[in-house]
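# Observations on the model geometry
The lines below spell out each chain.
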Amino acid sequence: QVQLVESGGGLVQPGGSLRLSCVSSGSSISLNHMGWYRQAPGNEREWVATIIDGGYGNYADSVKGRFTISRDNAKNTVYLQMNSLKPEDTAVYYCRRYGVGVDYWGKGTLVTVSS
């Protein structure tokens, strides 16, 4: 059974950085797309970034240039490096593993950007 477990969230000041990790149990992630999404209080869940099995990343305009998604297939892990954080980045961040016949979500990790 596949499980996704996110970690690395916490409280950070504006302008600071955090690195989120998402470890997948079960089969290898190497053939799946891996994505990060977030949901702020009172808002719908929104897409943040995706990395395909070839390693190329795509980003929402709101995080482009500040966030970097990466993956380590050997560790079955995807990362989200978040720099220059803003208060509007405050949200629960979710990891997603998906592809043909595959769609799994983690339970999320809370990121709070506040002074």
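Use the structure listed above.
Computed from a predicted structure; not experimentally measured. Every chain begins its residue count from 1, and numbering advances along the sequence as written. Local features in a predicted model are, by the rule used here, given only for residues with pLDDT of at least 70; side-chain atom pairs are given and counted only at 80 or more, and totals for whole chains, interfaces and linings are based on all residues. Side-chain measures here rest on the full set of heavy atoms in the structure, leaving out hydrogens and waters.

With a phi angle near 55 degrees, Asn76 is a residue other than glycine that sits in the positive phi range. Locating Asn76 in the fold gives a position in the loop between strand 7 (67-72) and strand 8 (77-82). Even without a glycine there, the phi angle at Ser84 is positive, about 50 degrees. Along the chain, the position of Ser84 falls in the loop between strand 8 and strand 9 (91-99). Strands here are runs of E lasting at least two residues and helices are runs of H or I lasting at least four, both read from the DSSP assignment and numbered beginning at the N terminus.

If DSSP finds at least two bridges between two strands, the strands pair. Spatial ordering of the open sheet is given by 1-3-8-7, a layout of four strands whose pairing is antiparallel. Edge positions in the sheet fall to strand 1 (4-7) and strand 7, since each has one partner strand and no second. Put simply, the sheet's adjacent strands are angled 15 degrees from each other on average, direction ignored. When strand 3 (residues 18-24) meets strand 8, the two strands line up antiparallel, connected through six bridges. From the neighbouring strand, Arg19 faces strand 8, where its bridge partner is Gln81. For helices, the fitted axis covers only the stretch in contact; all axes are lines through C-alpha atoms, and the angles between them, taken along N-to-C directions, range from 0 to 180 degrees.

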